[in-house]
Amino acid sequence: MKTFSLFNAERAGVLSFIKAIELKNLKSEKFRISQSGYLYPRLFFVDLLVLAAFSYLLLPVLIFIAGFVRIEILVVLVGLVGYGMFSGIRNVNFLADFKILMKRMASEWYVWRGHLALLGLLAFIWLSFSSIGGIGYRNFDSGIRSSLLWHLVTGPWPLYFRKEYFGEAFGSISDKAYVYYFAYYLPAAVVGKWLGWKAANLALFAYSWTGALLALMLVRMYVRQRGYAVTFFVFIGISLFGGMDYIFNGLLGFTTDRSEMWLSPLHYFSHTRNLFWAPQHCLPTWLIIGVILNHRQISPSLMRIFPVACVALLLWSPLCLIGIAPFILLIIKHHWKEWLQWNWTNALACLLFVVLFAFIVSNDFSFGMVYAPNVMDGYWAQYTLFVTAEFLVLSSVFVFANPKIVRDDILIVAFVLLFAIPICLLGRWNDWSIKLSIPPLFVLSIFVIKQIIWLIATKKKHILIAVFLFSCCALTPIEELVYSARNYRIAFENPPEIRDFGPNYIVWQQLGDPGSFFFRYLARP
């Protein structure tokens, strides 16, 4: 098998080799790119990204424990983490290993620093149109997000609402607790409590940018071909990935709203719309999927923390965690020994699960799930049109694929989920479809990226068809970007409070029972 002359050396991170040869002066040879996985030595840089991703996901949970949960539970959690760190340091020659790791890190940093900088710049531009932190156009959900952050910044923790707060418009409502998956907002809320509302918004933007950059870099490490052109295309492939909504809606005229609402309540949103409207859901999902795709490159000791990070998603996005679960099951065969044995990380995961699950189930769950064919006239015709437009047309690029990529278990699971998810409806805007589809759509986009890169590199005649199909699908997220640009603004004004949304689903879905198990036994008094 022929490869780039420095490809394996770059992946191995050999310092002396890298110092001797300038990457930018190398000429690539004619080669055949393999799409089979895990051919190259594990990178310490991947471990560093994964450690940063785990820290990103767990930081809000630690804040939640410190601010919402009884001191006794906090002490137990800190004790478990402290014991784990002590055991890890005790069992290794720390200083000697640290010196080796720093040398290896220096070599890999030399290779990847430019890619990190490029993706950081592109992610910053992308997020600048998102409305996150008051930067960019204000979509409908941004008001809800700002209200949630406002209450976390201005209110005492845990958050409670007295019935007098809601007023007569809400009827005979009782006292309520604020029960929602708000992990994404907690770091910014801490900054806001110290430095004010504007600082909280800027902190939320910075935190979102960090998450997006980590997710993009994990995808970049999984897409193994070298070169800044590949890095740029990874960004384009993620940011402009979408379905054929714009084309189909233009032809059929279903809605005058933006095209992704064309077949409501069936929704599979583009990555750009998910990031702009629901960053609290897509960012943690992208990070976990990035870890799953790179799992064989990651240190076994680091993968022991993976169950803890997955449990943390209960406070980030329970629905997305359901969508991620089938992908987690795929990699259990590689890590079951570490994940099923009794150790400090698994004990921590179990304790966190009890606390976070008890909090989430305190929600009133005022929205129900229904079987879609029972409530939609002509459902199966709409279903067929929906799956064709949302992912089947673009997936035709796999017809030209290297067979190894088509047979990948992760891609197969993604397709099964994308076919199955629309059969159920949840809530007024069908959060079941929107949120559960984020993991398989992200997986699909990554495999489409790999396929198009392979077609370009091997100069296959089908590349024009693949690029044309991707370009047609890219019109959907481009529509969202254009709308954002036309309505662009930067503002940090005080948002509406939760009661200002009136007695509707927006309010009810964020309220819970203050007499539940969590608030009686686990919550800080």
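A brief report on the enclosed structure follows. (Residues numbered from 1 in each chain as written. Predicted model: local features only at pLDDT ≥ 70, side-chain atom pairs only at ≥ 80, totals over all residues. Heavy atoms only, no water.)

## Here we look at the overall build of the protein
Test applied: A run of H or I in DSSP becomes a helix once it reaches four residues, and a run of E becomes a strand once it reaches two; helices and strands are each numbered from the N terminus. Exposed residues in this analysis have more than 50% of their type's maximum accessible area, buried residues have under 20%, and partly exposed residues fall in between, with area computed by a 1.4 Å probe over protein chains only. In what follows, residue pairs with any heavy atoms lying within 4.5 Å of each other are defined as contacts.
A count of helices and strands for the protein gives 26 helices and five strands. Burial analysis of the protein (525 residues in total) assigns 57% to the buried set. The long-range share in the protein, meaning contacts at least 24 apart out of those at least 6 apart in sequence, stands at 83%.

## Quick look at the pattern of salt bridges
This is how the line gets drawn: Each salt bridge in this description consists of a side-chain nitrogen of Lys or Arg and a carboxyl oxygen of Asp or Glu lying within 4 Å of one another.
With the rule as written, the count across this model stands at seven salt bridges. The closest approach of N and O atoms between E480 and R258, which form a salt bridge, is 2.9 Å. Of this pair, E480 sits in helix α24 (residues 463-486) while R258 is found in the loop between α11 (245-252) and α12 (271-277), placing the two residues 222 residues apart along the sequence. Residue R258 is classed as buried on the basis of its relative accessible area, which comes to 11%. The salt bridge partner of R273 is E480, with a shortest N-O separation of 3.4 Å. Here R273 is found in helix α12, whereas its partner E480 is found in helix α24, with 207 residues between them in sequence. A residue is classified by how much of its surface remains accessible, and R273, at 5% relative accessible area, is buried. A residue is classified by how much of its surface remains accessible, and E480, at 1% relative accessible area, is buried. The network of salt bridges with common partners includes R258, R273 and E480.

## Structural notes on the packing of aromatic side chains
Heads up, the rule is: A pair of Phe, Tyr and Trp rings is counted when the ring centres sit within 6.5 Å of each other, with Trp represented by its six-membered ring. The angle between the planes then sorts it: under 30 degrees is stacked, over 60 is edge-to-face, the rest tilted. Remark: a charge is flagged as sitting over a ring if the NZ atom of Lys or the CZ atom of Arg is within 6 Å of the ring centre and within 35 degrees of the ring normal.
Throughout the structure, instances matching the rule amount to 48 aromatic pairs. Relative to Y383, the ring of Y379 lies with its centre 5.9 Å away and its plane at 40°, an arrangement referred to as tilted. Taken together, the residues Y379 and Y383, both in helix α19 (residues 379-395) and four residues apart, mark about one turn of the helix. Of the two residues, Y379 and Y383, both sit in the buried class. Taking the ring centre of Y483 as reference, the NZ or CZ of R258 above it sits at 3.9 Å. In this structure, R273 is placed above the aromatic ring of W277, and the distance from its NZ or CZ to the ring centre is 4.2 Å.

## Brief notes about the sheet that holds strand β1 (residues 160-161)
Short version of the rule: Here, a strand pair is defined by DSSP locating no fewer than two bridges between the strands.
Sheet architecture is open: three strands sit in the order β1-β2-β5, paired in antiparallel fashion. This sheet does not close on itself; its edge strands, each paired only once, are β1 and β5 (511-512). With two bridges joining them, β1 and strand β2 (residues 176-178) adopt antiparallel strand pairing. Each bridged residue has a counterpart across the sheet, and for F161 the counterpart in β2 is K176.

## Digging into empty space enclosed by the protein
Which entries qualify depends on this criterion: Definitions used for this entry: grid spacing 1 Å over protein atoms alone; cavity, a set of points where a 1.4 Å probe fits but cannot get out; pocket, an open set with protein on both sides within 12 Å along at least 5 of 7 lines; lining residue, one with an atom within 4 Å of a point. Grid points are joined across faces, edges and corners, and a volume is the space filled by probe spheres set on the points.
Taken as a whole, this structure holds four cavities of 30 Å³ or more when the rule is applied. The calculated volume of the second largest cavity comes to roughly 60 Å³. Along the walls of the second largest cavity sit S131, I132, G133, G134, R138, S142, R145, S146, L149, Y185, N201 and L204, which together make up its complete lining. Residue assignment for the lining of the second largest cavity shows that the elements contributing at least two residues are α6 (140-154) and α9 (197-222). Ranked by the residues each element gives to the lining of the second largest cavity, the list is headed by α6, at four residues.

## Structural notes on helix α10 (residues 228-239)
This is how the line gets drawn: Multiplying one less than the number of residues by 1.5 Å gives the expected span of a helix.
Taking 1.5 Å per residue, 12 residues should reach 16 Å; α10 reaches 17 Å between its end C-alpha atoms and fits that length. Within the sequence span of α10, burial applies to V230, T231, F233, V234, F235, G237, I238 and S239.

## With respect to the packing of helix α15 (residues 306-316) against helix α17 (residues 344-360)
Going by this rule: Orientation is described by lines fitted to C-alpha atoms, with helices fitted over the stretch in contact, and by angles between N-to-C directions that extend from 0 to 180 degrees. Any angle that is under 35 degrees is reported as roughly parallel, and any over 145 degrees as roughly antiparallel; angles of 65 to 115 degrees are reported as roughly perpendicular and all others as oblique. Classification used: nonpolar for Ala, Val, Leu, Ile, Met, Phe, Trp, Tyr, Cys and Pro, charged for Asp, Glu, Lys and Arg, polar for all others including Gly.
One can describe the packing of α15 onto α17 by two numbers: an axis separation of 9 Å at closest approach and a directional angle of 10°. If you check the angle between α15 and α17, you find them roughly parallel. Residue-level inspection shows P307, V308, V311, A312, L314 and L315 of α15 in contact with α17, the latter providing T345, N346, L348, A349, L352, F353, L356, F357, F359 and I360. Within the contact of α15 with α17, the residues separate by chemical class into 14 nonpolar, two polar and no charged.

## A short note on the nonpolar core
The condition that has to hold: Take the buried residues of types Ala, Val, Leu, Ile, Met, Phe, Trp, Tyr and Cys, join any two whose side-chain atoms come within 4.5 Å, and each joined set is a nonpolar core.
Counting 178 residues, the largest nonpolar core has F64, L152, F182, I292, F306 and F518 as its most contacted members. Element by element, the count of residues in this core is highest for α9, at 15 residues.

## What to know about a nonpolar patch on the surface
What counts, and what does not: Each patch is built from salt-bridge-free residues with over 30% relative accessible area, joining like charges within 9 Å and nonpolar side chains (Val, Leu, Ile, Met, Phe, Trp, Tyr) within 5 Å. Using a 1.4 Å probe, accessible areas were evaluated by the Shrake-Rupley method; residue-level cover was limited to the displayed protein chains.
A surface patch of nonpolar side chains, about 520 Å² in accessible area, is lined by F353, V354, F357, V361, F365 and F367. Turning to its location among the elements, F367 is positioned in the loop between α17 and β3 (369-371).

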